[in-house]
Amino acid sequence: MGKEPASEVLSLDGREVRVTNPDKLYFSSQLRISKLDVVRYYLSVADGALAGIRDRPVVLKRFVDGAEAEAFYQKRAPAQRPTWIRTVTLSFPSGRTAEEIVVDDAAGLAWIVNLGCIELHPHPVRSGDLEHPDELRIDLDPVPGVSWADVRRVAVEVQALLEQLGLRGWPKTSGSRGMHVNVRIEPRWTFAEVRRAAVALSRAVERRVPALATSKWWKEERHGVFLDYNQNAKDRTTCSAYSVRPVVDACVSAPLHWHEVPDAEAADFTIFTMPERFTKIGDPHAGMDSAAGSLEPLLELAAKDEAAGLADAPWPPHFRKMQAEGPRVAPSRAKAAAKKPRAKMPLIVVANSPDKAAALAGLERWKSKHADVAALLAIDDVLVDSMRGRSSTWTRIRINLRHVPEELRPPQETPDPDDDPTREWREWSKAKTRKKKIAES
């Protein structure tokens, strides 16, 4: 008889959770952190972690080979699951539906972490009302080269604006390079209305600090800190409070008090430091559920923007075209000039790969090959895009040659590597469209 795989059974609130392969390393390049270490971390901050996901459908972002390998998104609940794990059925903009996990307690938390869910990705709705979010999510995403100090400054501007509008924001580090500010709202508005409010907020912050913040969706137009309003579109999720991030030092998404924000250092909050912090100060976001506010002031701001001629901002590419939305095409790819002519950005693609490290290695090869050109690039001329497919992410790297004289600009070459996992689907879609046009002609 073969030897049974190692496992450890945890007894949590009268329920048993089996942690399979507990010694499997989830972090190994600089730190040695096992699967069981990650489970124990989450249990040590369970009250805080559960506050961000309890009674919410959760997308399972699974790192089955550890934090240093590629993850995949699993919307549908595993067929093999404990009887005490709840599910709800969500509908998506595509028309599809999925039965998703709902976590209610520490046992459920440990169970999804055992599946490889290093990060926690809840939807902004409760299981009893899946069409009306109770959370506005403000995602501060710095472009490459922007300092952490600038991220904190923009967060403080967000706080000031929210206070003027009668709303309360709850800040946290993203666990990576940015910050999140969550706002508890009354569940009275649709996803489209919540996103509309987020667009208005992003534009208002940009007007307050135009040198630091941007609401521009297209990466080639961004600078400073991007306020990603589309995180409020239906079917989008962000990592919740206390989530462990797949970075080499095992940083976590740390809830903060506002007085901590000006001096907070994201690197201080890790899987090793957060349990002690949680024990000493508790959860800085503990009062969030009792502070639900109204979106009316933001929606009034959105109406003023529209009256001033501001069209809806671009939606994510997999959403259907919205009636009030402007052209959904990057300025550099626009075929026709808009009312105000735009200068076409000279962009080239240098790498496509599901493996970010492989894509970055391709970038370095391109820089070595074109060393004279690389020396002329600004930090934000290198666009590293995390592209999201139907069930996984992949990395595209582009170069903006705007600072390179035309006579020195290298042509578009075959990217190295050139492994775009969506290419087959896009070619199939184009062929289908061609056949439809032929059939209709």
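Our subject is the structure that appears above.
All values reported here derive from a predicted model rather than from experimental measurement.

Trainee: What's the story with the overall build of the protein in this structure? I'm lost.
Mentor: Regarding its fold elements, the protein presents 10 helices and 17 strands. Scored against the burial criterion, the 441 residues of the protein give a buried share of 50%. Split by element, the accessible area of the protein, about 21,600 Å² in all, is 51% carbon and sulfur.

Trainee: Would you mind going over the nonpolar core with me for this structure?
Mentor: Nonpolar side chains in soluble globular proteins tend to be buried together. In this structure, Leu 109, Ile 138 and Leu 140 are the most contacted members of the largest nonpolar core, which totals 92 residues. Per-element accounting of this core gives the leading share, 8 residues, to helix 5 (residues 191-208). Within the second largest apolar cluster, 13 residues are counted, among which are Trp 366, Leu 377, Val 382 and Leu 401.

Trainee: For this particular structure, what's the right way to read unusual backbone geometry?
Mentor: One can expect most non-glycine residues to show negative phi and most peptide bonds to be in trans. Following Asp 416, the chain continues into Pro 417 via a peptide bond in cis, with omega recorded as 0 degrees. The topology assignment puts Pro 417 in the loop between strand 17 (393-400) and helix 10 (423-440). For Asp 235, which is not a glycine, the phi torsion comes out positive at approximately 85 degrees. Here Asp 235 lies in the loop between strand 14 (225-227) and helix 6 (274-281). Residue class for Asp 235 comes out buried when judged on its relative accessible area of 10%.

Trainee: Is there a simple way to think about the packing of helix 5 against helix 7 (residues 296-307) in this case?
Mentor: Between two packed helices, what matters for the description is the angle formed by their axes and the separation of those axes. Relative orientation of the contacting elements helix 5 and helix 7 amounts to 70 degrees, with a least axis distance of 8 Å. It follows from the interaxial angle that helix 5 and helix 7 lie roughly perpendicular. The segment helix 5 lies against helix 7, with Glu 193, Arg 196, Ala 197, Ala 200, Leu 201, Arg 203, Ala 204 and Arg 207 engaging Leu 298, Leu 299, Leu 301, Ala 302, Ala 303, Asp 305 and Glu 306. Of the residues assigned to the contact of helix 5 with helix 7, the class counts are 9 nonpolar, no polar and 6 charged.

Trainee: Looking at this structure, I do not really get the packing of aromatic side chains. What am I missing?
Mentor: The way to describe two aromatic rings as a pair is by their centre distance and the angle between their planes. Throughout the structure, instances matching the rule amount to 5 aromatic pairs. Measuring from centroid to centroid gives 6.1 Å for Trp 217 and Tyr 229, while their planes differ by 50 degrees, and the two rings are tilted. Taken together, the positions of Trp 217 in the loop between strand 13 (213-214) and strand 14 and Tyr 229 in the loop between strand 14 and helix 6 put the pair 12 residues apart, joining distant regions of the chain. Residue classification places Tyr 229 among the buried residues on the basis of a relative accessible area of 1%. Over the ring of Phe 92 we find Lys 75, and its NZ or CZ is 4.2 Å from the ring centre. Here the basic side chain of Arg 222 rests over the ring of Trp 217, its NZ or CZ set 5.9 Å away from the ring centre.

Trainee: Explanation requested: the pairing of strand 7 (residues 86-91) in the structure shown.
Mentor: Within a regular strand, the side chains alternate between the two sheet faces. Pairing of strand 7 with strand 8 (residues 97-102), which is carried by 6 bridges, proceeds in the antiparallel orientation. Paired with Ser 91 across the bridge in strand 8 is Thr 97.

Trainee: Please explain the side chain of Asn 230 as it appears in this structure.
Mentor: Structurally, the position occupied by Asn 230 is in the loop between strand 14 and helix 6. Under the relative-accessibility criterion, Asn 230 is labelled buried at 0%. Excluding anything up to four places from it in sequence, Asn 230 contacts Arg 195, Trp 217, Arg 236, Pro 314, Trp 315 and Pro 316.

Trainee: Is there a simple way to explain helix 3 (residues 106-114) in this structure?
Mentor: Counting buried positions along helix 3 yields 9 of 9 residues, so the element is predominantly enclosed. When helix 3 is considered as a whole, its buried residues turn out to be Ala 106, Ala 107, Gly 108, Leu 109, Ala 110, Trp 111, Ile 112, Val 113 and Asn 114. Looking at the residues trailing helix 3, positive phi occurs at Gly 116, about 105 degrees.

Trainee: Sorry if this is basic, but what is going on with the pairing of strand 12 (residues 179-184) here?
Mentor: Counting buried positions over the 6 residues of strand 12 gives 6, a clear majority of the element. Covered by surrounding structure in strand 12 are Met 179, Val 181 and Val 183 together with His 180, Asn 182 and Arg 184, the residues of both alternating faces. Pairing between strand 10 (residues 135-142) and strand 12: 6 bridges, direction antiparallel. Within strand 12, the position partnered with Asp 139 by the bridge is His 180. The pairing of strand 11 (residues 170-173) with strand 12 spans 4 bridges and is classified as antiparallel. Each residue of the ladder has a partner; that of Lys 172, found in strand 12, is His 180. Counting the residues between successive antiparallel strands, the hairpin from strand 11 to strand 12 contains 5 residues, one of them, Gly 175, with a positive phi of roughly 90 degrees.

The rules behind the values
All residue numbers refer to position in the chain's written sequence, counted from 1. Totals for whole chains, interfaces and linings use all residues, but because this is a predicted model, local features are given only for residues with pLDDT of at least 70 and pairs of side-chain atoms are given and counted only at 80 or more. The side-chain quantities take in all heavy atoms of the structure and omit both hydrogens and water. Numbering of helices and strands runs from the N terminus; a helix is a DSSP stretch of H or I covering at least four residues, while a strand is a stretch of E covering at least two. Only protein chains enter the area calculation, which uses a 1.4 Å probe; residues under 20% of their type maximum are buried, those over 50% are exposed, and those in between are partly exposed. Each accessible area is a Shrake-Rupley estimate made with a 1.4 Å probe; only the visible protein chains count as cover when residues are assessed. We call a set of buried residues a nonpolar core when its members are Ala, Val, Leu, Ile, Met, Phe, Trp, Tyr or Cys and they connect through side-chain atoms within 4.5 Å of each other. For every element, the axis is a line fit to its C-alpha atoms; helices are fit only across the contacting stretch, and the angle between N-to-C directions ranges from 0 to 180 degrees. In what follows, roughly perpendicular refers to angles from 65 to 115 degrees, roughly parallel to angles under 35, roughly antiparallel to angles over 145, and oblique to any angle outside these ranges. The contact rule is simple, with two residues in contact once any of their heavy atoms fall within 4.5 Å. Polarity classes work like this: nonpolar for Ala, Val, Leu, Ile, Met, Phe, Trp, Tyr, Cys and Pro, charged for Asp, Glu, Lys and Arg, and polar for all others, with Gly in that last group. Between 30 and 60 degrees the pair is tilted, below 30 it is stacked and above 60 it is edge-to-face, where a pair is any two Phe, Tyr or Trp rings, Trp via its six-membered ring, whose centres lie within 6.5 Å. We call a charge positioned above a ring when the Lys NZ or Arg CZ atom is no farther than 6 Å from the ring centre and deviates by at most 35 degrees from the ring normal. Note on pairing: DSSP must find at least two bridges between two strands before they are called paired.

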